[in-house]
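# Summary of the model geometry
In case you want the letters, here they are:
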Amino acid sequence: MKIFGYDSNDEEFDKILKLSQVTLSCKKEDLDSIIDFLTKVKKEIESTNIEDGDHWHYRDYNDAWNEFDSDLIVFIDESANE
């Protein structure tokens, strides 16, 4: 697994950063929502034919998400397993 991100001031997402670690600053309710999102993604991956490059955005699964929140993206990179 690799983790990437963008500087919050990079509104055009021009420079992708490879991160060595990530800290989630959240409430218990946020953590529950993230777990629910990851569970739904896992079930979708198990029940459909996924392809390299398929991805899911947390913001699409969370009605409470707004533009001031960070987005969490799960990206399938089969070459990462080689």
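Our subject is the structure that appears above.
Keep in mind the model is a prediction, meaning the values are calculated, not measured.

Glancing now at the overall build of the protein. Counting its secondary structure elements, the protein contains 1 helix and 4 strands. Listing the helices and strands of the protein from first to last along the sequence gives β-β-α-β-β. Considered along the principal axes of its C-alpha atoms, the protein spans approximately 35 × 30 × 20 Å. Residues counted as buried form 12% of the 82 residues belonging to the protein. Put simply, 26% of the contacts in the protein that link residues at least 6 apart link residues at least 24 apart. Accessible surface, the protein: about 7200 Å² in total, of which carbon and sulfur atoms supply 49%. Side-chain charges in the protein split into 9 positive and 22 negative, and the spacing between the mean points of these groups amounts to 6 Å.

Moving on, we get to helix α1 (residues 28-47). Between its terminal C-alpha atoms α1 stretches 29 Å, which fits the 28 Å expected from 20 residues at 1.5 Å a residue. For α1, the set of buried residues is I34, F37 and V41. Relative to the axis of α1, the buried residues are bounded by an arc of 60° and lie together on one face. Turned more than 90 degrees away from the buried face of α1 sit K28, E29, K43, E46 and S47, all of them exposed. Residues of α1 that are buried sit in contact with β3 (55-57) and β4 (73-75).

This next bit is on the pattern of salt bridges. Per the stated rule, a full pass over the model turns up 4 salt bridges. A salt bridge links K28 to D32; the shortest N-O distance between them is 2.6 Å. Placement of both K28 and D32 in helix α1 is noted, with a separation of 4 residues, approximately one turn of the helix. We classify K28 as exposed; its relative accessible area is 56%. Taking relative accessible area as the criterion, D32 reaches 37% and is therefore assigned partly exposed. The shortest N-O distance in the salt bridge between K40 and D36 comes to 3.2 Å.

So, about a negative patch on the surface. A surface patch of negative charge is lined by E51, D52, D77 and E78. Tracing the backbone through its elements, the reader meets D52 in the loop between α1 and β3.

Right, let's get into the nonpolar core. Judged by nonpolar contacts, I34, F37, V41, W56, Y58 and I76 together constitute the single largest core of 6 residues. Among the elements that line this core, the one with the most residues is α1, at 3 residues. Leave out the neighbours within four places in its chain, and W56 touches F37, V41, E44, I45, I50, Y61, L72, I73, V74 and I76.

To continue, consider the environment of D14. Turning to its location among the elements, D14 is positioned in the loop between β1 (3-5) and β2 (17-19). Put simply, D14 and E67 are 53 residues apart on the chain and 18 Å apart in space, counted from C-alpha to C-alpha.

Its location among the elements puts D7 in the loop between β1 and β2. Note on D7: relative accessible area 41%, which makes it partly exposed. Spatially, the C-alpha atoms of D7 and L17 are 7.8 Å apart, while their sequence positions differ by 10 residues.

About the cut-offs
- Residues numbered from 1 in each chain as written.
- Predicted model: local features only at pLDDT ≥ 70, side-chain atom pairs only at ≥ 80, totals over all residues.
- Heavy atoms only, no water.
- Helix = DSSP H or I, 4+ residues; strand = E, 2+ residues; numbered from the N terminus.
- Buried < 20%, exposed > 50% of the residue type's maximum accessible area, 1.4 Å probe, protein only.
- Contact = heavy atoms within 4.5 Å.
- Areas by Shrake-Rupley, 256 points an atom, 1.4 Å probe, with all protein chains shown as cover.
- Lys, Arg positive; Asp, Glu negative; His and termini not counted.
- Charge placed at Lys NZ, Arg CZ, Asp CG, Glu CD.
- Expected span 1.5 Å × (residues − 1).
- Arc of directions from axis to C-beta.
- Salt bridge = Lys/Arg side-chain N within 4 Å of Asp/Glu carboxyl O.
- Patch = residues over 30% accessible without salt bridge, like charges linked within 9 Å, V, L, I, M, F, W, Y side chains within 5 Å.
- Core = buried A, V, L, I, M, F, W, Y, C linked by side-chain atoms within 4.5 Å.

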